[in-house]
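Architecture and fold: a report
Chain residues, written in single-letter form:
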Amino acid sequence: MATVQERNPDATIYVGELDQKITEPVLWELFLQVGPVVNVYIPRDKVTNQHNNYGFVEFRSEEDAEYAIKVMNMIKVYGKPIRVNRAQRDKKTLEVGANLFIGNLDPEIDEKMLYDTFSAFGVIIATPKIMRDPDTGASKGFGFVSYDSFESSDAAVNAMNGQFYGGRTIAVGYAFKKD
């Protein structure tokens, strides 16, 4: 394991949406498949010892980290797609407001398919969310995608609204928070 002064923040990635079953050794083995891992850290609650569904993986080089982001983002682990990004993300981009509602989704469309389709228009800043029945896990037929800029979200609305996607004509527009 690397000591603190040897850490390379540019070669460190953030891994989010982790299942509680994922441990540091599991994360190490998972990311070792795509490059040489130097360090793995999953912050834990000091009282419950549960992790908060995210962690960090440091690679030997920035190139290895970039490759891991491209290959591992949205891979399903324990049935849930994980989110993989640079660890040093500009916090200002988190709440831009460029959030889209996607309606009339075919039940077969999952989060990875949404990500793969809508990432063509720009940087998606959070895992696409498909609303699901809490008991069955079945899609409710709508979801949300959040971009880092309005240019990206405008492009997605203009290109995708009214398009045939997964066997249905989808509605794409800006999402508005309920009061």
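For clarity, every value in this text was computed on a predicted model and none was experimentally measured.

What counts, and where the lines are drawn
Residues numbered from 1 in each chain as written. Predicted model: local features only at pLDDT ≥ 70, side-chain atom pairs only at ≥ 80, totals over all residues. Heavy atoms only, no water. Salt bridge = Lys/Arg side-chain N within 4 Å of Asp/Glu carboxyl O. Helix = DSSP H or I, 4+ residues; strand = E, 2+ residues; numbered from the N terminus. Buried < 20%, exposed > 50% of the residue type's maximum accessible area, 1.4 Å probe, protein only. Pairing = 2+ DSSP bridges. Axes fitted to C-alpha atoms, helices over the stretch in contact; angles between N-to-C directions. Contact = heavy atoms within 4.5 Å. Phe/Tyr/Trp six-rings, centres within 6.5 Å; stacked < 30°, edge-to-face > 60°.

**Points about the pattern of salt bridges**
Two side chains carrying opposite charge are able to pair once their charged atoms lie near each other. All told, the structure shown has 4 salt bridges when counted by the stated rule. One salt bridge in this structure joins Arg132 and Glu111, with 3.1 Å as the shortest N-O distance. Pair noted here: Arg132 is in strand β8 (residues 129-132) and Glu111 is in helix α3 (residues 111-118), with a separation of 21 residues, a long-range link. Taking relative accessible area as the criterion, Glu111 reaches 12% and is therefore assigned buried. Measuring nitrogen to oxygen at the nearest pair gives 3.3 Å for the salt bridge that ties Lys112 to Asp116. Taken together, the residues Lys112 and Asp116, both in helix α3 and 4 residues apart, mark about one turn of the helix. For Lys112, a relative accessible area of 29% gives the class partly exposed.

**Considerations on the sheet that holds β8**
Strand pairing in a sheet is mediated by backbone hydrogen bonds. Such pairs are either parallel or antiparallel. With antiparallel pairing, 4 strands are arranged side by side in an open sheet as β8-β9-β7-β12. The sheet is open, and its two edges are formed by β8 and β12 (171-174), each paired on a single side. Pairs of neighbouring strands in the sheet enclose a mean axial angle of 25 degrees, with direction left out of account. The sheet contact formed by strand β7 (residues 99-103) and strand β9 (residues 139-146) spans 5 bridges and is antiparallel. Directly across from Asn99, in β9, lies its bridge partner Ser146. Relative to the sheet, α3 contacts β7, β8, β9 and β12, its axis offset from that of β8 by approximately 150 degrees. Each of β7 and β12 touches helix α4 (residues 150-160); the most contacted strand, β12, lies at about 155 degrees to it.

**Brief notes about the packing of aromatic side chains**
Applying the stated criterion across every chain, the model contains 10 aromatic pairs. With a centroid separation of 5.8 Å and 65 degrees between ring planes, the pair formed by Phe101 and Phe144 is classed as edge-to-face. With Phe101 in strand β7 and Phe144 in strand β9, the pair connects residues that are 43 residues apart, well separated along the chain. Summarising the aromatic geometry, the rings of Phe118 and Tyr165 are spaced 6.4 Å apart at their centres and angled 85 degrees between planes, so their arrangement reads as edge-to-face.

**Regarding the pairing of strand β3 (residues 54-59)**
Pairing of strand β1 (residues 12-16) with β3 involves 5 bridges; the strand directions are antiparallel. Residue Thr12 lies in a different strand from β3, and its bridge partner there is Glu58.

**Things to note about the sheet that holds strand β6 (residues 83-86)**
Taken in spatial order, the 4 strands make up an open sheet running β2-β3-β1-β6, and their pairing is antiparallel. Each edge of the open sheet carries a strand with a single partner, namely β2 (37-41) and β6. Taken pair by pair, the neighbouring strands of this sheet meet at an average axis angle of 25 degrees, ignoring direction. Here 4 bridges tie β1 to β6, and the two strands are oriented antiparallel to one another. Paired with Ile13 across the strands is Arg86, a residue of β6. Contacting β1, β2, β3 and β6, helix α1 (residues 24-32) crosses the sheet at an angle of about 145 degrees to β2.

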